[in-house]
Amino acid sequence: MKIHPCQIALLTLAISISALSLPLASAQETTQTNAAQPAPLKVLLVIGGCCHDYATQEKLLKQGIEERIRAEVTVELSESTSTETTFEIYQEDDWAEGFDVIIHDECSANVTERPYIDRILAAHRNGTPAVNLHCAMHSYRWGEFRQPVAPDAENAAWYEMLGVQSTAHGPKTPIELLTTDSEHPIMHGLKQWTTIDEELYNNVRVFSGTTALVSGKQLQPANKKQLKANPDAKGTESTAVVAWTNLYGPNQTRIFSTSLGHQNDTVADARYLELVVRGLLWSTQNLTKDGQAKPGFVK
């Protein structure tokens, strides 16, 4: 049977149209898939100041977070090593705009300028979650800060965001970590461990709205003053909350904090990073009840 030239031309055209339609359908499916998956979490890590190897720790934190969940970590690192370290990003009222969560890892104990601190806190009062690490607990303090501050006191603002007031730490010795709320999503399935030489931050005051997740127990050897008074003085055992959550301000903004993280090897520890990442996911309401990242943020 002969095929008319017109039929051949029509058949060729049909095949060509069919071939062209395949990539279009594939692209449409890809668009739909991408639309169903949320954007990666936008994380701002503010880090720097006194007494720590922040140049190393910012890399450990950024890599550790981005390896575990779908997140993009923007780093605001100060090279200053002073207790008066400030950050340019905090000079603008809308400094937190565009970020899903802020990680405070600054060590700025002697920064006391209220307009500056108020700008930081305003973002969290207005609903931007926070994760606070280690020396963030000892930042932005003034007045009689070594005494328990009263709620709503002029110098209580930073502590109220944190949920715990801490003023000092003990020697660098191992801390035995004990789960105090195993049912909390952040702690679900996490194992207890003992740190390397770390600093146990004291608890001067724990605010209402705070939920303790982990307590730390540390054997602190007798100090020089104690040994001078009694050469046979024994060490003492100290305990304190070392990881907790807080609901802050009128919007009940989710805040997660841990006072652990002095040593680079602690920050690099997979168990520490898992704790921080879960705290970050919980603060942004992207953690399931069994302690897993919600599907859109699983790496």
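The protein chain appears in an unreviewed UniProt entry as Trehalose utilization from Aureliella helgolandensis.

**Student:** Please clarify how the overall build of the protein chain should be interpreted in this entry.
**Tutor:** Each helix and strand in the protein chain was counted, giving seven helices and eleven strands. Within the span of the protein chain, comprising 299 residues, buried residues form 45% of the whole. Looking at the protein chain alone, contacts between residues at least 24 apart form 74% of all its contacts between residues at least 6 apart. Element-wise, carbon and sulfur atoms account for 52% of the exposed surface of the protein chain, whose accessible area totals about 15300 Å².

**Student:** Quick question: what am I supposed to make of the nonpolar core here?
**Tutor:** Inside soluble globular proteins, nonpolar side chains tend to come together where they are buried. Counting residues in hydrophobic clusters, the biggest one holds 75 residues, and the most contacted among them are Ile69, Tyr90, Trp95 and Leu280. Per-element accounting of this core gives the leading share, eight residues, to helix H7 (residues 270–283). Once residues lying within four places of it in the same chain are set aside, the contact partners of Tyr90 are Val46, Trp95, His104, Glu106, Tyr116, Arg119, Ile120 and Tyr140.

**Student:** What exactly am I supposed to notice about helix H3 (residues 114–125) here?
**Tutor:** Residues spaced three or four apart along an α-helix face the same direction, because each turn holds 3.6 residues. Taking 1.5 Å of rise per residue, the twelve residues of H3 would be expected to cover 16 Å, and the 15 Å separating its terminal C-alpha atoms lies within 8% of that figure. For H3, the complete set of buried residues consists of Tyr116, Ile117, Arg119, Ile120, Leu121, Ala123 and His124. On its buried face, H3 is in contact with strand S3 (101–107), strand S4 (130–133), helix H4 (157–162), strand S10 (236–248) and strand S11 (253–258). Trailing H3 by a residue or two, Gly127 shows a phi angle of about 120°, which is positive.

**Student:** I tried to follow the side chain of Asn155 on my own but got confused; where do I start?
**Tutor:** Mapped onto the secondary structure, Asn155 falls in the loop between S4 and H4. Under the relative-accessibility criterion, Asn155 is labelled buried at 12%. In terms of polar contacts, Asn155 uses its side chain to reach the backbone carbonyl oxygen of Trp142, at 3.0 Å. Those residues in contact with Asn155, other than ones at most four positions away along the chain, are Trp142, Gly143, Glu144, Phe145 and Val149.

**Student:** How should I be thinking about helix H2 (residues 54–68) in this particular structure?
**Tutor:** With 15 residues, H2 extends 21 Å from end C-alpha to end C-alpha; this agrees with the ideal 21 Å at 1.5 Å per step. Every buried residue belonging to H2 is among Tyr54, Gln57, Glu58, Leu61, Gly64 and Ile65, and all of these are buried. For H2, the angular spread of buried residues about the axis comes to 145°, placing them on one side.

**Student:** Got a minute to help me understand the sheet that holds strand S1 (residues 41–49) in this structure?
**Tutor:** Within a sheet, neighbouring strands are paired by backbone hydrogen bonds and run either parallel or antiparallel to one another. Reading across from one edge, S2-S1-S3-S4-S11-S10-S9-S6-S7 is the order of the nine strands in this open sheet, with mixed pairing throughout. With one partner strand each, in any of the chains shown, strand S2 (71–77) and strand S7 (194–198) form the two edges of the open sheet. Direction aside, neighbouring strands of the sheet carry axes that sit 20° apart on average. When S10 meets S11, the two strands line up antiparallel, connected through six bridges.

**Student:** Would you mind going over the confidence of the model for the protein chain with me for this structure?
**Tutor:** If pLDDT is low for a region, its predicted coordinates should not be looked at in detail. When the pLDDT values of the protein chain are averaged, the result is 90; 88% of them are 70 or greater. Between residues 1–33, whose pLDDT stays under 50, and residues either more than four places distant or in other chains, the model counts one contact.

**Student:** How should I be thinking about the pairing of S2 in this particular structure?
**Tutor:** On a regular strand, one side chain projects to one face of the sheet and the next to the other, so that they alternate. For S1 and S2, the ladder comprises seven bridges, and the chain directions are parallel. Considered in S2, the bridge of Lys42 is made with Glu72.

**Student:** Honestly, the pattern of salt bridges in this entry has me stumped. Any pointers?
**Tutor:** Side-chain pairs of opposite charge can arise where the charged atoms are in close proximity. A complete count under the given rule lists nine salt bridges for this structure. Between Asp118 and Arg114 there is a salt bridge whose closest N-O contact spans 3.0 Å. Separated by four residues within a single helix, Asp118 and Arg114 lie in helix H3, roughly one turn from each other. Overall, Arg114 belongs to the partly exposed group, its relative accessible area being 26%. Measuring nitrogen to oxygen at the nearest pair gives 3.6 Å for the salt bridge that ties Lys217 to Glu176.

The rules behind the values
Numbering of residues starts from 1 in every chain and runs along the sequence as written. Reporting of local features is limited, given that this is a predicted model, to residues whose pLDDT is at least 70; pairs of side-chain atoms are given and counted only at 80 or more, and all residues count toward the totals for whole chains, interfaces and linings. To obtain the side-chain values, all non-hydrogen atoms of the structure were used and water was disregarded. Helix and strand assignments follow DSSP, with helices taken as H or I runs no shorter than four residues and strands as E runs no shorter than two, numbered in order from the N terminus. Any residue under 20% of the maximum accessible area for its type is buried, any over 50% is exposed, and the rest in between are partly exposed; the area is computed with a 1.4 Å probe on protein chains only. Only heavy atoms enter the contact rule, under which two residues are in contact if any of them lie within 4.5 Å. Using a 1.4 Å probe, accessible areas were evaluated by the Shrake-Rupley method; residue-level cover was limited to the displayed protein chains. Side-chain atoms within 4.5 Å are what join buried Ala, Val, Leu, Ile, Met, Phe, Trp, Tyr and Cys residues into a set we call a nonpolar core. The span you would expect from a helix comes to 1.5 Å times its residue count less one. Within 3.5 Å is the distance limit for a polar contact, defined as a pair of N or O atoms, with the added protein rule that one can donate a hydrogen and the other accept it, and that residues adjacent in sequence qualify only through two side-chain atoms. Read the arc as the range of directions from the helix axis to the C-beta atoms. Paired strands are those between which DSSP finds at least two bridges. For every element, the axis is a line fit to its C-alpha atoms; helices are fit only across the contacting stretch, and the angle between N-to-C directions ranges from 0 to 180 degrees. pLDDT measures how confident the predictor is about each residue, on a scale from 0 to 100. Here, a salt bridge means any side-chain nitrogen of Lys or Arg that lies within 4 Å of a carboxyl oxygen of Asp or Glu.

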